[in-house]
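A look at the structure
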Amino acid sequence: MDQSAPPALVEIRGMTKAFPGVQALLGVDLDLRAGEVHAVVGENGAGKSTLMKIVAGVYRPDSGSIRLGGVPILNESPRQALERGISMIHQELNLAPNLSVAENVFLGRAPTRGGLIDWRRLYADVEALADRLGIDLDVRARVDELSVARQQMVEIAKALSLDARVIIMDEPTSALTERETEALFDIIARLKSHGVAVVYISHRLDEIFRVADRVTVLRDGRLVGTLLIAQATQPQLIGMMVGRELTTLFPKESVEIGDPVLEVRHLRRKGALEDISFVLRRHEILGLAGLVGAGRTELVRILFGADQLDGGEILLEGRPVRIRSPRDAIRLGMGFVTEDRKLQGLVLGMNVRENETLASLAQVSRLGFLNLGRERTLAARLVDQLGVRTPSVEQEVANLSGGNQQKVVIAKWLATRARILILDEPTRGIDVGAKAEVHALMSRLASQGVSILMISSELPEILGMSDRILVMRQGRLSGEFTRDQASQEAILACAA
């Protein structure tokens, strides 16, 4: 340990935690210092969130100890952790959407006068917190009217209102634009200057090198090591995370592109899309780039029958089709891996087997009755084919890591023998090792004749995995590039 380093604000020693069939943490040590950003990285299932949820009082450890300012503590609830100055901002934000910004910040603790809420003081106190963070926040606005980035700022203001000494951020930029991410980095710098210890959990290694002072790597629930960020490199961190050399993140195979499979002509939807026309061919991965709000998700929802079009035509293998619902799309051989796997891609209360066969029950049924043996065989084959890490197909999908959950969503559509696969942000929120596996799977499926339409906000992914790239801006197509023509600068120029 660096003898010249300041004393640790939080000392975690020997932290161990198991869930049914999974050893989530085993003997992990970690120190957090005041006025420092400490990044925690690792593949999905490495134990990052579990470790921090123990610190924040969400989980009880099986063994291990925590000291705060040299004093042993055990947070038995998030409330107890908050009272001790430890706040965790979860990936799924924890706010009351129908209440105002000010009411959320002081939820359950609003100042009163004569037994009634003192609204003037409440608004003044929250405005003072916003000034401290250097942000412009309408304290009277309802939270459900705010962007995700603004809602995160409300969470940070709430933490500061509790005099938080430790703020844990779990994947804080997963739903933010580049401009919103920069604003968050400014806030983190202010928190550091006020002596707050910030824990930053992220899969985005470029952000780690921008914002962190130190980085700790976990793998399979164990501590691999802690490095000063100034002495670390991306290849070094990736090697520590995956335990192997990652030869390529974008294993795109060159295949001969076939005949048109999906053709869209002059598609429009009022307020969302205007005059969209393109072709998707067999064996092709067609990338769809654009800024947040460009209309990409709105387009693929129409193609899959989740929303209705106002005009235009859709052709499959040269034949006009009417897609009125997702049932129609599935019957026509389409699959849709949605942007939000937890809300729209999975049923979290069901197990792996049930989720994988959800869209193909006819294959595993006879005379209207489910054949469990046939369903288990299909689910086990898909688990093996996609490398899903799970103790069994009976494991609840909610207990899997994000990367493995994403593989289950893809498996669901492979079970339907989909010929056209729509992937909306296919690697959002999953680690670098799982990303490489999903990319390899995409390349393999394309070589087998599947046509893939991929939306991604990560330009390296668009450039690395696409045979052709379409760019959208304000509901219209603004550019098209071959793989050889495309560059980050050209795509951004079309998107902006």
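Every residue gets a number counted from 1 within its own chain, in the order that chain's sequence is written. In view of the model being predicted, local features appear only for residues whose pLDDT reaches at least 70, and side-chain atom pairs are presented and counted only at 80 or more, with totals across whole chains, interfaces and linings using the full set of residues. Based on all heavy atoms of the structure, the side-chain values leave hydrogens and waters out of the count.

Turning our eyes to something else, we now look at the overall build of the protein. A run of H or I in DSSP counts as a helix once it spans at least four residues, and a run of E counts as a strand once it spans at least two, with each numbered from the N terminus. Scanning the protein from N- to C-terminus turns up 17 helices and 24 strands. It is over C-alpha atoms that the radius of gyration is taken, and the globule rule equals 2.2 Å times the number of residues to the power 0.38. The C-alpha radius of gyration of the protein comes to 24 Å, within 12% of the 23 Å expected for a compact globule of 496 residues. Every one of the 496 residues in the protein was classed for burial, and the buried ones make up 51%. By definition, residues are in contact when any of their heavy atoms lie within 4.5 Å. In the protein, the proportion of contacts linking residues at least 24 apart, taken out of those at least 6 apart, comes to 66%. In this description, accessible areas are obtained by the Shrake-Rupley approach with a 1.4 Å probe, and a residue is regarded as covered only by the protein chains that are shown. For the protein, the computed accessible surface area is about 22500 Å², with 48% contributed by carbon and sulfur atoms. Considering the protein, the positive charge centre built from 61 side chains and the negative charge centre built from 63 side chains are found 4 Å apart. Think of it in three bands: residues with accessible area under 20% of the maximum for their type are buried, residues over 50% are exposed, and the middle band is partly exposed, with areas taken using a 1.4 Å probe on protein chains only. This count recognises Lys and Arg as positive and Asp and Glu as negative, with His and chain-terminal groups excluded. Every charge is mapped to an atom, namely NZ of Lys, CZ of Arg, CG of Asp or CD of Glu.

Looking now at helix H15 (residues 432-447). The terminal C-alpha atoms of H15, which comprises 16 residues, lie 23 Å apart, in line with the 22 Å expected from a rise of 1.5 Å per residue. Burial in H15 covers these residues: Val432, Gly433, Ala434, Lys435, Ala436, Val438, His439, Leu441, Met442, Ser443, Leu445 and Ala446. To estimate the expected span of a helix, count its residues, drop one, and scale the result by 1.5 Å.

Lining residues are defined by having an atom within 4 Å of a point belonging to a cavity or pocket. Those points lie on a 1 Å grid over the protein atoms alone, cavities being sets where a 1.4 Å probe fits but cannot get out and pockets being open sets with protein on both sides within 12 Å along at least five of seven lines. Grid points are joined across faces, edges and corners, and a volume is the space filled by probe spheres set on the points. Approximately 510 Å³ is the volume attributed to the second largest pocket. Forming the walls of the second largest pocket are 22 residues, and the residues nearest its centre are Pro78, Leu82, Asn94, Lys158 and Leu162. At the level of secondary structure, the elements contributing two or more residues to the lining of the second largest pocket comprise helix H2 (78-83), strand S6 (86-89), helix H3 (101-105) and helix H5 (148-161). With four residues, the top contributor of residues to the lining of the second largest pocket is H2. Polar here means any residue other than Ala, Val, Leu, Ile, Met, Phe, Trp, Tyr, Cys and Pro, which are nonpolar, and Asp, Glu, Lys and Arg, which are charged; Gly is therefore polar. Broken down by class, the residue content of the lining of the second largest pocket amounts to 12 nonpolar, five polar and five charged.

For the protein, the domain assignment lists domain 1 (10-242) and domain 2 (260-495). Each domain span listed reflects an automatic or database assignment of domains. For domain 1 and domain 2, the distance between their C-alpha centroids amounts to 32 Å. Taken together, the contacts link 14 residues of domain 1 with 15 residues of domain 2. Buried surface area refers to the total accessible area, computed with a probe of radius 1.4 Å, that the two partners give up upon joining, counted for both partners together. Summed over both partners, the interface of domain 1 with domain 2 comes to about 1200 Å²; 52% of that surface belongs to carbon and sulfur atoms. When the buried surface of domain 1 facing domain 2 is broken down by residue, Glu43, Asn44 and His203 rank first, second and third, together holding 40% of it. One speaks of a salt bridge when a side-chain nitrogen belonging to Lys or Arg is within 4 Å of a carboxyl oxygen belonging to Asp or Glu. Across the contact surface, domain 1 and domain 2 share zero salt bridges. Any pair of nitrogen or oxygen atoms within 3.5 Å is treated as a polar contact; in protein, a donor-acceptor pairing is required on top of that, and neighbouring residues in sequence qualify only through side-chain atoms on both sides. Between domain 1 and domain 2 we count zero residue pairs in polar contact (both at pLDDT 80 or more) in total. Split into classes, the residues belonging to the side of domain 1 that touches domain 2 amount to five nonpolar, seven polar and two charged.

Turning next to the side chain of Glu461. Assignment of secondary structure puts Glu461 in helix H16 (residues 459-465). Buried and unpaired, Glu461 has Lys435 as its nearest opposite-charge partner, separated by 6.0 Å. Within the structure, the side chain of Glu461 is placed 2.5 Å from the side chain of Ser456, a separation counted as a polar contact. Setting aside residues up to four positions removed in sequence, Glu461 forms contacts with Phe250, Pro426, Thr427, His439, Met454, Ser456 and Ser466.

Read across the sheet, four strands follow the order S14-S13-S16-S17 without closing on themselves; strand pairing throughout is antiparallel. Strands with a single pairing partner mark the edges of an open sheet, and in this sheet they are strand S14 (273-281) and strand S17 (319-321). Neighbour-to-neighbour, the strand axes of the sheet open up by a mean angle of 20°, direction not taken into account. Examined bridge by bridge, strand S16 (residues 311-316) and S17 share three bridges and lie antiparallel to one another. Its bridge partner lying in S17, Ile314 is registered against Val321. Strand pairing follows a simple DSSP-based rule, namely that at least 2 bridges must link the two strands. What counts as an axis is a line fitted to C-alpha atoms, over the stretch in contact for a helix, and the angles between N-to-C directions run from 0 to 180 degrees.

Strand order in this open sheet of six strands is S18-S21-S22-S15-S23-S24, and the pairing throughout is mixed. Only two strands of the sheet have a single partner each, and these edge strands are strand S18 (334-337) and strand S24 (476-482). Taking each pair of neighbouring strands and ignoring which way they run, the sheet shows an average axis angle of 20°. Alignment of strand S15 (residues 285-289) against strand S22 (residues 451-455), held across four bridges, turns out to be parallel. Paired with Gly287 across the strands is Met454, a residue of S22.

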